[in-house]
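Here are the chains, one letter per residue:
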Amino acid sequence: MDLVSLAELGGALARLADPLVLGWVLVGVAVGAVFGAAPGLTATAGVALATPLTFGLGFEASMALLLGLYCAGYFAGSIPAILVNTPGAPGNAATALDGYAMAQSGRADLAIGLAVISSFIGGVVSAAVLMVFAPILAGFALEFTSVEYFTLALFGLTCVAAVSRGSLTKGLIAAVLGMLLGTVGIDPVGGMSRFTLGLPQLLSGVSLLPALIAFFAVTEILAQAAGPAAAVNLPVQRSVRLRELLPVYLRHKWLVLKSAAIGTGIGILPGTGPTIASWISYGEAARGARGEPPKGEAFGQGAPAGVIAPEVANNAVTGGALVPLLTLGIPGDTVTAVLLGALLIQGIDPGPFFIVAQGELFALLLLILVAANLVVLALGLGLRRYLPAILRVPPRILIPTIGVLCATGGFAIGNAAFDVALIAVLGLAGFVLTCFGFPMAPLVIGLVLGPIVEVNLRNALIANQMDPTVFVTRPISAALLLALVAVLVVAWRRFAADRSAGSP
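Each value, and the rule that gives it
- Residues numbered from 1 in each chain as written.
- Predicted model: local features only at pLDDT ≥ 70, side-chain atom pairs only at ≥ 80, totals over all residues.
- Heavy atoms only, no water.
- Helix = DSSP H or I, 4+ residues; strand = E, 2+ residues; numbered from the N terminus.
- Buried < 20%, exposed > 50% of the residue type's maximum accessible area, 1.4 Å probe, protein only.
- Contact = heavy atoms within 4.5 Å.
- Areas by Shrake-Rupley, 256 points an atom, 1.4 Å probe, with all protein chains shown as cover.
- Salt bridge = Lys/Arg side-chain N within 4 Å of Asp/Glu carboxyl O.
- Lys, Arg positive; Asp, Glu negative; His and termini not counted.
- Polar contact = N/O pair within 3.5 Å; in protein donor to acceptor, adjacent residues only side chain to side chain.
- Expected span 1.5 Å × (residues − 1).
- Arc of directions from axis to C-beta.
- Phe/Tyr/Trp six-rings, centres within 6.5 Å; stacked < 30°, edge-to-face > 60°.
- Axes fitted to C-alpha atoms, helices over the stretch in contact; angles between N-to-C directions.
- Parallel < 35°, antiparallel > 145°, perpendicular 65-115°, else oblique.
- Left-handed = near helix turned anticlockwise from the far one by under 90°.
- Nonpolar A, V, L, I, M, F, W, Y, C, P; charged D, E, K, R; others polar.
- Patch = residues over 30% accessible without salt bridge, like charges linked within 9 Å, V, L, I, M, F, W, Y side chains within 5 Å.

(A) Representation of the overall build of the protein chain in the model. The helix and strand inventory of the protein chain stands at 23 helices and two strands. Counting only residues that meet the buried cut, the protein chain has 54% of its 504 residues in that class. When contacts within the protein chain are restricted to residue pairs at least 6 apart in sequence, long-range pairs at least 24 apart make up 79% of them. Of the accessible surface of the protein chain, which amounts to about 20900 Å², a share of 71% is contributed by carbon and sulfur atoms.

So, in structure tokens, the structure goes:
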């Protein structure tokens, strides 16, 4: 059965063609790009601040503004991640691993071009999936309980095996440290405070954004400051033409499809979001790499696939998260929670009958989503040649400037000086860990997924009379556990082969 008739689709297209609506899409994308790229500001904050403005706007204009903010905010965080190793949003943290390495080797233009096109592909594919499979996917999401969320998060933690270059042991230790950091604050199940050191500011836990700024940006600042040679080795950037990007995507076409599926699938699960999707996609891309990569294309050292995978998945979440919102009235992530309020302001009550009763409005939302991604594509490709100019700024100016931006972004998160101090402490700790060869990526993965693993493990056991067999008797959970074991076996063999190759 068709979700939307041709008449409804035509009516939605006519409403989108209004220059005023297209103008609001452009405004939303422009504002979203600022919120996404600025450390400490996120798409959630941008949509939340813009929502009160929609009281005086119609449905078309308000959705154009907010969905433009939504799409651009998810993409724009990749720009500082690539150029200065400072993810603008949590979902772009995985992009920094290879994107920044590409910028340091003179390929910032290529990295930004890949990020722009990958974001566009992810957003459009997820919109198409939303159009065709929304009710089916919503029903699938309802099958997830604490059991499935636990195994999904545990599967995400196996990304450690993929992104830990060098020592698998140090990668696992870093992941455990991240999980330990995630236990700070009030126990969500028992209600007891843990590891707060008597500081009331830590009762809510260690926020992800300060941790990202600390472990990526501040750690890099300290590493650059500690290495005098870095001050004279400024990268010479090479411009690339659009036609040079096509072979890259043809080489990684299956990775693009897999990443879009991962992002959309993760997006439809309430409470997950782009951070988990991008890390799982990056881990799957690294795990799937075969043979000896070309020079400069090893994961973590500037692999184009390391930018493509997380950015496709990151923006595929946008359409996926709208599935439970529009079909069940359940927000898929923090941004769609705010969008729910915006829809209610316009007198729209999303739920099981929304698509049937309001087919034209549903089609309009999809078309606005596609239009926003087209504007992001045009804007990103148009500006990508100018953005790498940031790298030509002398380090004696660039490094302090990034430091000031980190402090400003940290303060903007909660308007509290404590967040700035927390960034400084965590950044110093991260620098010390890197000096001993501990990678930052597994630590961040542990911080993101650790609380999800803990809470859902305890809830699943409590709900099933402490019976651990529930994790293997439920089909989805069992399938995820089998995939987890397979990933670990492959990773262990790879590390064993690397050790054998390195031994005399």
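(B) Inspection of the environment of Leu152 at higher detail. The residue Leu152 is located in helix α8 (residues 146–157) in this model. Once you skip the residues sitting within four places of it in the chain, Leu152 turns out to touch Phe144, Ile266, Leu269, Ile280 and Leu480.

(C) Looking closely at unusual backbone geometry. In this model, Phe195 sits at a positive phi of 55 degrees, which is unusual for a non-glycine residue. Mapped onto the elements of the fold, Phe195 is located in the loop between β2 (193–194) and α11 (208–226). According to the relative accessible area criterion, Phe195 is exposed, its value standing at 53%. Unlike most non-glycine residues, Leu197 shows phi in positive territory, near 55 degrees. For Leu197, the position within the fold is in the loop between β2 and α11.

(D) Seen up close, the pattern of salt bridges. The tally for this structure, following the rule as stated, stands at eight salt bridges. Residue Arg15 pairs with Glu60 through a salt bridge whose shortest N-O separation is 2.7 Å. With Arg15 in helix α1 (residues 6–16) and Glu60 in helix α4 (residues 59–76), this pair connects stretches of sequence that are 45 residues apart. Since its relative accessible area comes to 26%, Arg15 is described here as partly exposed. As a salt-bridge pair, Asp109 and Arg384 come within 2.7 Å of each other at their nearest N and O atoms.

(E) Summary view of the side chain of Glu311. Following the sequence through the fold, Glu311 ends up in helix α15 (residues 305–328). There is no salt bridge for the buried Glu311, and the closest opposite charge comes from Arg384, which lies 14 Å off by N-O distance. A polar contact of 3.1 Å, which involves the side chain of Glu311, links it to the side chain of Ser119.

(F) How the structure looks around helix α20 (residues 417–435). Here α20 is 19 residues long and its end C-alpha atoms lie 28 Å apart, about the 27 Å a rise of 1.5 Å per residue gives. Here α20 has its buried residues at Asp419, Leu422, Ile423, Leu426, Gly427, Gly430 and Phe431. In an axial view of α20, the angular spread of the buried residues amounts to 165 degrees, which keeps them on one side of the axis. Among the exposed residues of α20, those oriented more than 90 degrees off its buried face are Ala417, Val425 and Cys435. One or two residues past the end of α20 sits Gly437, with phi positive at roughly 85 degrees.

(G) Representation of the side chain of Thr151 within the structure. In this structure, Thr151 sits in helix α8. With relative accessibility at 0%, the residue Thr151 sits in the buried group. If sequence neighbours within four positions are ignored, Thr151 has contacts with Phe471, Ser477, Leu480 and Leu481.

(H) Spatial organisation of the packing of aromatic side chains. One pass over the full model with this rule turns up three aromatic pairs. On the basis of an interplanar angle of 80 degrees and a centroid distance of 5.1 Å, the ring pair of Tyr70 and Tyr74 is categorised as edge-to-face. Of this pair, Tyr70 and Tyr74 both sit in helix α4, separated by four residues, roughly a single helical turn. Neither residue differs from the other here; Tyr70 and Tyr74 are each classed as buried.

(I) Quick peek at the environment of Ala103. Within the secondary structure layout, Ala103 lies in helix α6 (residues 93–104). Look at Ala103 and you get buried, because its relative accessible area is 0%. Residues Ala103 and Leu83 lie 20 residues apart in sequence; the distance between their C-alpha atoms is 6.1 Å.

(J) A look at α15. When the terminal C-alpha atoms of α15 are compared, their 35 Å separation across 24 residues agrees well with the 34 Å that a helix rising 1.5 Å per residue should span. Taken from the residues just after α15, Gly329 is the one with a positive phi, measuring 75 degrees.

(K) Inspection of the packing of α15 against helix α18 (residues 359–383) at higher detail. Put simply, α15 and α18 touch, their axes get as near as 12 Å, and they point 165 degrees apart. When the axis of α15 is compared with that of α18, the two are roughly antiparallel. When you trace α15 past α18, the crossing you get is right-handed. Of α18, the residues touching α15 (which contributes Asn315, Gly319, Leu322 and Leu326) are Phe362, Leu365, Leu369 and Asn373. For the contact of α15 with α18, the per-class residue count stands at five nonpolar, three polar and no charged.

(L) Up close: the packing of α4 against α15. The interhelical angle for the contact between α4 and α15, taken along N-to-C directions, is 155 degrees, at an axis separation of 9 Å. Considering the angle they form, α4 stands roughly antiparallel to α15. Judged by the twist between their axes, the crossing of α4 over α15 is right-handed. Packed against α4, whose contacting residues are Tyr70, Cys71, Tyr74 and Phe75, the element α15 presents Glu311, Asn314, Asn315, Val317, Thr318, Ala321 and Leu322 at the interface. Classifying every residue of the contact of α4 with α15 gives seven nonpolar, three polar and one charged.

(M) Just a nonpolar patch on the surface, in detail. Residues Ile173, Leu177, Leu180 and Phe195 make up a contiguous nonpolar surface patch of roughly 360 Å² in combined accessible area. Along the chain, Leu177 falls in helix α10 (residues 168–182).

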